Amino acid sequence: MSQSYRSTRSSAKETQSFEKTIIQGLASDGGLFIPSEIPQVDAETLEKWSSLSFQELALEIMKLYISNEEIPENDLKELIQRSYSTFRSSEVTPLAKDITGNGEHLHVLELYHGPTYAFKDVALQFVGNLFEYFLQRANKDLPQEQRKKITVVGATSGDTGSAAIYGMRGKKDVSVFILYPTGRISPIQEEQMTTVPDKNVQTLSVKGTFDNCQDIVKAIFGDVEFNKKHNVGAVNSINWARILAQMTYYFYAYFQAIKGAQSKVKFVVPSGNFGDILAGYYARKMGLPVERLVIATNSNDILDRFMKTGVYERSDDVAATLSPAMDILVSSNFERLLWYLARDVMASGDDQKAGEILNQWFVQLKTEGKFVVDQAVIKAALVDFDSERVSDPETKETIKEIYQSSQNPKNYILDPHTAVGVCATKRQISKDNDSNIQYISLSTAHPAKFAEAVNDALSEFEGYSFEKDVLPDELKKLSTLEKKLKFVEKADIELVKRTIEEELVKMGLF
Ligand SMILES: *Cc1c(COP(=O)(O)O)cnc(C)c1O
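So, how was this worked out
- Residues numbered from 1 in each chain as written.
- Predicted model: local features only at pLDDT ≥ 70, side-chain atom pairs only at ≥ 80, totals over all residues.
- Heavy atoms only, no water.
- Helix = DSSP H or I, 4+ residues; strand = E, 2+ residues; numbered from the N terminus.
- Contact = heavy atoms within 4.5 Å.
- Areas by Shrake-Rupley, 256 points an atom, 1.4 Å probe, with all protein chains shown as cover.
- Pairing = 2+ DSSP bridges.
- Axes fitted to C-alpha atoms, helices over the stretch in contact; angles between N-to-C directions.
- Domains from an automatic or database assignment.
- Buried area = accessible area lost by both parts, 1.4 Å probe.
- Salt bridge = Lys/Arg side-chain N within 4 Å of Asp/Glu carboxyl O.
- Polar contact = N/O pair within 3.5 Å; in protein donor to acceptor, adjacent residues only side chain to side chain.
- Buried < 20%, exposed > 50% of the residue type's maximum accessible area, 1.4 Å probe, protein only.
- Phe/Tyr/Trp six-rings, centres within 6.5 Å; stacked < 30°, edge-to-face > 60°.
- Lys NZ or Arg CZ within 6 Å of the ring centre and 35° of its normal.
- Left-handed = near helix turned anticlockwise from the far one by under 90°.
- Near = heavy atom within 4 Å.
- Nonpolar A, V, L, I, M, F, W, Y, C, P; charged D, E, K, R; others polar.
- Expected span 1.5 Å × (residues − 1).

On to the overall build of the protein. Counting secondary structure elements, the protein contains 21 helices and 15 strands. Each principal axis of the C-alpha distribution contributes one length, and for the protein these read about 65 × 60 × 50 Å. Of all intrachain contacts in the protein linking residues separated by at least 6 positions in sequence, the fraction that spans at least 24 positions is 76%. With an accessible surface of roughly 20,800 Å², the protein has 47% of that area assigned to carbon and sulfur atoms.

Encoded structure:
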């Protein structure tokens, strides 16, 4: 099958290649890219897939979304091998089965065994290799000054910058610049980002707030001249390659959870920008018989409110919660789900019409801060999804409860994002009261990354020690390594642009 991609906001028939989709990130009309068709997998194929390794499964899935003419199968296989060789677990994303051991079938899908101890590694390790692959192919036989390059620029409030850095480090003709607010991220987060010695990596510590950093990055993306010169690339969660790479663990965990039994499976996903759970939606639409996908939000609950009311409305302020990687106002990937809902419920399956509807909704969101959908749209969404909102006190309580009650292994420690998901899972278990359901709760970060929240929940327990029970040796060592960072004295776009260009010269990339 030859696969191509279209924009969610386009009412034209045009489609484009996978390569262009990945390099460009966002469509020029402001929409997101989606595959022109969702490939279908039948029961017989699923049966065959059920015994594959993570890497083998990734290859089978990705082959359906990337045509062989674009990336020959052997190259794709090699890209996948390389991307997951950096993980500490041979299974890449192992499933901790039945952690409570009391017949609840509560399984925790550990997505944090990559180099930065966070789930974003699963996608970003692959994206970095993909960028390099496309560039090397285009640059073959070209003299240095004509070589195409990608300059990745991003802002982070601390949690996600390191995954982008570790994804891009050492990649040929790729550079990465991550802006973060000076003094406003935790020591371990800063250490993770600044101790990467590769020449093509530069962290920029900007005097200002996270919003200042994000505004500068947005302005850089909007700067046509700078873009033309440096081919600025985004690796944020709307990039299609990230969604694609995340599909693998839904299939992989599903097969492990049912192990041949006739049971139903629910996935519960701590959600912010809706990228993680959207991969589960694609898996379901491809034919994986998932009973339901449960969205778990913290008090930044635009998704939960939408699912309950049909109103998609941004609030005025982001609440700072114990699960900061989910502190969002709008959920960027949600647009992709909305497109499918608009097409199937309102446009009788017409792709062109769906693009028009999406356009109207997002114009309204921009001008009025909200839009409202028909109840029929919500009804359709509830076939695939359910949602739960979890508060900070509940998050903390869940970390404690699982620490005390877990059996496999004993004293299992959740990070606060994972705890939001596990709290939501517990609610689902008691609502469903159905022993035929297996619950897969996605664990998105290692607890060591969120020391403050974890210690706050667990320090009252005798015998608990962060150093001993939580902190891996590899992260302990970071504080002894040399830091490489550049201070930017003022949150000013011209100053940041100048700094990037100076650094690119030093990297030999400009
Ligand atoms: C990014 C992130 C999330 C949220 O994932 P989305 O794809 O944005 O929904 C949850 N937990 C952690 C630790 C993250 O880094």
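Now for the sheet that holds strand β9 (residues 264-270). Reading across the sheet, the six strands line up as β3-β4-β14-β9-β10-β13 and stay open at both edges, with mixed pairing between neighbours. Bordering the open sheet on either side are β3 (95-96) and β13 (385-389), each of which pairs with just one other strand. Looking at chain direction, β3 and strand β4 (residues 106-110) are connected through two bridges and run antiparallel. Its bridge partner being in β4, L95 is matched across the sheet by L109. Taken strand by strand, helix α12 (residues 302-309) contacts β10 (292-297) and β13, and its axis lies near 125 degrees from that of β13.

Moving on to the domain arrangement of the protein. Domain parsing of the protein yields domain 1 (95-115 + 241-452) and domain 2 (149-230 + 472-510). At the interface, seven residues of domain 1 touch eight residues of domain 2. Overall, the association of domain 1 and domain 2 removes approximately 660 Å² of surface from exposure, summing both partners, and the carbon and sulfur fraction of that is 58%. For the domain 1 face of the interface with domain 2, the top three residues by lost area are P115, A448 and K449, together amounting to 68%. The tally of links from domain 1 across to domain 2 stands at zero salt bridges. If you look at where domain 1 meets domain 2, you find one residue pair in polar contact (both at pLDDT 80 or more).

For the structure on display, the rule yields 32 salt bridges. Ionic pairing is found between R147 and D173, a salt bridge with its closest N-O pair at 2.9 Å. You can see R147 sitting in the loop between α5 (120-139) and β5 (150-155) and its partner D173 sitting in the loop between α6 (161-168) and β6 (174-181), a full 26 residues away along the chain. Exposure class is identical for R147 and D173. Each is buried. Salt bridges sharing common partners tie together R6, R343, D344 and D351.

Positionally, E60 belongs in helix α3 (residues 54-63). The class for E60 is partly exposed, based on a relative accessible area of 24%. Sequence separation between E60 and W240 is 180 residues; the distance between their C-alpha atoms is 17 Å. In this structure, E60 is in contact with W49 and L52, ignoring residues within four places of it in sequence. Here K63 takes part through its side chain, which lies 3.4 Å from a polar atom of the side chain of E60.

Moving on: the packing of aromatic side chains. The full count for this structure, using the stated rule, is 28 aromatic pairs. Measuring from ring centre to ring centre gives 5.9 Å for Y254 and F255, while their planes differ by 80 degrees; the resulting arrangement is edge-to-face. A residue is classified by how much of its surface remains accessible, and Y254, at 7% relative accessible area, is buried. The exposure class assigned to F255 is buried, which follows from its relative accessible area of 9%. When the ring of F306 is compared with that of F334, the centres are 5.1 Å apart and the planes differ by 80 degrees; the resulting orientation is edge-to-face. With a gap of 28 residues between them, F306 in helix α12 and F334 in helix α13 (residues 334-346) connect regions that are remote in the sequence. Summarising the burial analysis for this pair, F306 and F334 share the class buried. The cationic tip of R88 hangs over the ring face of Y117; the distance from NZ or CZ to the ring centre is 3.6 Å.

Now for the packing of α5 against α6. Where α5 meets α6, the axes come as close as 7 Å, and the angle between the chain directions of the two elements is 35 degrees. You can see that α5 and α6 cross each other, and the crossing is right-handed. Here α5 contributes K120, D121, L124, Q125, V127, G128 and F131 to the contact with α6, which in turn contributes A163, A164, Y166, G167 and M168.

With that out of the way, let us pick up the site of the ligand. Taken together, 14 residues are adjacent to the ligand, and K120, G272, N273, D276 and T444 come closest. In this structure, an oxygen atom belonging to the ligand sits 2.8 Å away from a main-chain N or O atom of G272. Take D276: an N or O atom from its main chain is 2.9 Å from an oxygen atom of the ligand. Across the complex, the protein chains shield 97% of the 380 Å² of accessible surface that the ligand would expose by itself. Among the residues making up the shell around the ligand, the classes are represented as six nonpolar, six polar and two charged.

So, about the sheet that holds β6. Spatial ordering of the open sheet is given by β8-β5-β6-β7-β15, a layout of five strands whose pairing is parallel. One side of each edge strand has no neighbouring strand; the edge strands of this open sheet are β8 (232-233) and β15 (485-488). Here β5 runs beside β8; their pairing, made up of two bridges, is parallel. Bridge pairing in β8 links T151 to V232. The strands touched by helix α8 (residues 210-221) are β5, β6, β7 (201-206) and β8; relative to β5, the strand with the most contacts, the crossing angle is about 150 degrees.

The subject of this paragraph is helix α14 (residues 351-368). The end-to-end C-alpha separation of α14 is 26 Å, in line with the 26 Å expected for 18 residues at 1.5 Å each. Of the residues making up α14, those classed as buried are Q352, A354, G355, I357, L358, W361, F362 and L365. Looking at the buried positions of α14, the neighbouring elements they touch are β1 (5-7), β11 (311-313), α13 and β12 (370-372). The backbone nitrogen of Q352 lies 2.8 Å from a side-chain oxygen of the residue at the head of α14, namely D350. Two residues or fewer past α14, G369 is found with a positive phi of approximately 80 degrees.

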